[in-house]
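# Structure assessment
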Amino acid sequence: MASHGARGRGGGRPTLEEVAARAGVGRGTVSRVINGSPRVSDATRAAVEAAVAELGYVPNTAARALAANRTDAIALVVPEPETRFFAEPYFSDMLRGVGAALSDTEMQLLLIFAGSDRERQRLAEYLAAHRVDGVLLVSVHADDPLPELLSQLEIPAVISGPRSAAETLASVDSDNYGGARQAVEHLLGRGRRTIAHITGRLDVYGAQRRIDGYRDALREAGHAADELLIEAGDFSEDGGRRAMAALLERRPDLDAVFAASDVTAAGARYALREAGRRIPDDVALVGYDDSAIARHMDPPLTSVRQPIEEMGRAMIDLLLAEVADRRPTATRELERRQMVLATELVGRASS
């Protein structure tokens, strides 16, 4: 008894022509069925699908992509050192959301680091060869040349957080301004009055918006923002530790700290304990991200939750829409979307 496996007449993979012959239709009809075209009758579709199953035919996605001038690949570009990517939960959560959104597609995801000049040059050459259909940019600083390069190459791109209020690329972000206000209003509601802020990197627009939210929440509550209570950080644990030590030296009377990330808050906690300050008895502490770090800290950290996985999924949705849009770049730019997702304060023992 003959069996039908994934072998054609020559012993290789079954071809489109062999599927067509088995189904009794033309090659073009088989192609339309495989590509999901509605211009095929139900009976013909059933015959082609039966032939595909009997022969074990597997569509050549690479050939289809080539014919459509597509690579079926998306690049997730992180212009940061690899050490930061693996140290901060923000990036793993973002990657999880992106991966989940791509799981039902035929797109491949490439993770590319571009934290050094050499890596950026290599990336520029790679992108110039149009080896990807689109790019997701995560953690981009104000002076980063990558967004402009993508625009020049007319490669669809989505950025995780705009570089400024005048961002030209499609972007997805959390409500940094509103999240900072939530943190400060929470601390004020707990009776704290001398509230310090450890910022993120100031060349990141999201960090700037968190400072704005911090200042406005204090001002609207009748407390002028004291610049001596603001210390620059860089979203890192070491940066949080250094900033906290500087704040304690400058304003030893502070009774609360809003840190720009949970990782920063972990560093601040270390400096507070070194100085003999109890959390929350002497100093209340609030972070940002609501990462696993917040839940496992001692005491557990109050934090502003930003929906990072949801942001990753939304970035993919926007990017795939741009990849599918074949209109001229100038036309698409008029409709580029800037999505802002809501944040939520998660209260825990640190405040």
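A brief look at the structure comes next. (Residues numbered from 1 in each chain as written. Predicted model: local features only at pLDDT ≥ 70, side-chain atom pairs only at ≥ 80, totals over all residues. Heavy atoms only, no water.)

The next point concerns the overall build of the protein chain. Scanning the protein chain from N- to C-terminus turns up 15 helices and 12 strands. When burial is assessed residue by residue, the protein chain has 50% of its 351 residues classed as buried. Relative to all contacts within the protein chain whose residues are 6 or more apart in sequence, the contacts with residues 24 or more apart total 71%. Summed over its atoms, the accessible surface of the protein chain is roughly 16,700 Å², and 49% of this surface lies on carbon and sulfur atoms. (Helix = DSSP H or I, 4+ residues; strand = E, 2+ residues; numbered from the N terminus. Buried < 20%, exposed > 50% of the residue type's maximum accessible area, 1.4 Å probe, protein only. Contact = heavy atoms within 4.5 Å. Areas by Shrake-Rupley, 256 points an atom, 1.4 Å probe, with all protein chains shown as cover.)

What follows concerns the pattern of salt bridges. Within this structure, the stated rule accounts for 23 salt bridges. One salt bridge connects R84 with E80, and the closest N-O pair in it is separated by 2.6 Å. E80 matches R84 in its accessibility class, with the two residues each being buried. For R163, the salt bridge is made with E148, and the minimal N-O distance between the two is 3.1 Å. Linking R163 in the loop between β4 (157–160) and β5 (170–174) with E148 in helix α8 (residues 146–153), this pair joins segments that are 15 residues apart in sequence. Connected through shared salt-bridge partners, E80, R84 and E88 make up one network. (Salt bridge = Lys/Arg side-chain N within 4 Å of Asp/Glu carboxyl O.)

Turning our attention to unusual backbone geometry. In the segment running from I279 into P280, the intervening peptide bond is cis, with an omega of 5°. Relative to the helices and strands, P280 resides in the loop between α12 (262–274) and β9 (284–289). Phi is positive for E154, close to 55°, though the residue is something other than glycine. Among the secondary structure elements, E154 is positioned in the loop between α8 and β4.

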